Amino acid sequence: MSADQRFNLIAEQLGYSFDGEIKIGGNYVPLIRHNDEIYISGQIPRVGDTVVVTGRAGADTTLAQAQLGAKVCAMRALALLQRSAGSLDGIKRLLRMNLYVQCAQDFTRQSEVADAASEVLFFVLGDVGAHTRTSVGVYQLPKNATVKLDLIAVV
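Please read all numbers here as calculations on a predicted model, not as lab measurements. (Residues numbered from 1 in each chain as written. Predicted model: local features only at pLDDT ≥ 70, side-chain atom pairs only at ≥ 80, totals over all residues. Heavy atoms only, no water.)

Enquirer: Mind showing me how you'd approach the environment of Y139 here?
Expert: Considering the arrangement of structural elements, one finds Y139 in the loop between β6 (132-138) and β7 (147-154). We classify Y139 as exposed; its relative accessible area is 63%. When the C-alpha positions of Y139 and L81 are compared, they lie 29 Å apart, and in sequence the two are 58 residues distant. (Helix = DSSP H or I, 4+ residues; strand = E, 2+ residues; numbered from the N terminus. Buried < 20%, exposed > 50% of the residue type's maximum accessible area, 1.4 Å probe, protein only.)

Enquirer: It is not clear to me how the nonpolar core should be interpreted in this structure. Could you clarify?
Expert: As a rule of thumb, nonpolar side chains are buried together in soluble globular proteins. With 45 residues, the main nonpolar core has L78, L81 and L151 as its most contacted residues. Looking at this core, the elements that each hand over two or more residues are α1 (3-14), β2 (37-43), α2 (63-85), β5 (93-102), α3 (110-125) and β7. Here this core takes 12 residues from α2, the largest share from any one element. (Core = buried A, V, L, I, M, F, W, Y, C linked by side-chain atoms within 4.5 Å.)

Enquirer: Help me out: how do you make sense of the pairing of β7 in this one?
Expert: Regular strands have side chains that alternate between both faces of the sheet. Taking burial as the measure, the eight residues of β7 include six buried ones, the bulk of the element. As paired elements, β2 and β7 share five bridges and run antiparallel to each other. Across the sheet, I38 pairs through a bridge with A153, a residue of β7. Relative to β7, β5 is paired through eight bridges, and the arrangement is antiparallel. Paired with V101 across the strands is V147, a residue of β7. (Pairing = 2+ DSSP bridges.)

Enquirer: Would you mind going over α2 with me for this structure?
Expert: Taking 1.5 Å as the rise per residue, α2 with 23 residues should run 33 Å; its terminal C-alpha atoms sit 33 Å apart, in good agreement. Positioned one or two residues after α2, G86 has a phi angle of 90 degrees, which is positive. (Expected span 1.5 Å × (residues − 1).)

Enquirer: Would you mind going over the pairing of β6 with me for this structure?
Expert: Across seven bridges, the pairing between β5 and β6 is parallel. Its bridge partner being in β6, M97 is matched across the sheet by R133. Crossover handedness for the path β5 to α3 to β6: right-handed. (Right-handed = clockwise from strand over helix to strand, strands pointing away.)

Enquirer: How do you make sense of the pattern of salt bridges when you look at a structure like this?
Expert: Pairing of side chains with opposite charge becomes possible as their charged atoms draw close. Summed over all chains, the structure comprises two salt bridges. Of the charged contacts, one joins R109 and E112 as a salt bridge, the two residues approaching to 2.7 Å between their closest N and O atoms. On the basis of relative accessibility, which here comes to 37%, the residue R109 falls in the partly exposed class. You can call E112 partly exposed: its relative accessible area is 30%. (Salt bridge = Lys/Arg side-chain N within 4 Å of Asp/Glu carboxyl O.)

Rendered as C-alpha cells:
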C-alpha cells in the first residue's frame, strides 16, 4: 500500500476530507520548499472552515479529543506535503515535528497528545516518518484550537 493510500485510509477513519484548500489564517504561506526541505507552517485542527477541537486540554477537552486534534493537524501537514511533493511517496524523511497543546495548568500529558500525531506520521510514511519532536503546553492558540503542529520534511 502506498503512502497516499494510507493517508486516504486515515482520512476515512477520521471521517474528514483533506481535499480542497488547506486554509491558513494570516499573512504567511502554508509551506516553504527550500532545496530538498519543506517547512510546514503551524497547522490547527481545522477542517474546511471549522476548528474541530477547541479549548484547553484537561479542562474543556479530554485527552482523547486533544489526540484527535493532533491527528487532524498531522493530516493537514501531510496534505500540504503531498501537494508540494506530488505524492507522499516522494517524502524521503521527516526531520522534526513540534506540537503545541493549549492546556489547563495541571495538564502534563502533552507528549501523549503528540503521540497521536506521531502515530499518524509513522503509519502513513512508514520508517520515513520517524522524526524528532517537541511537545509543549501553552496558554493560548489561534482560534482557541487545542493543538497546533508544524514540521520539517525532506523530499
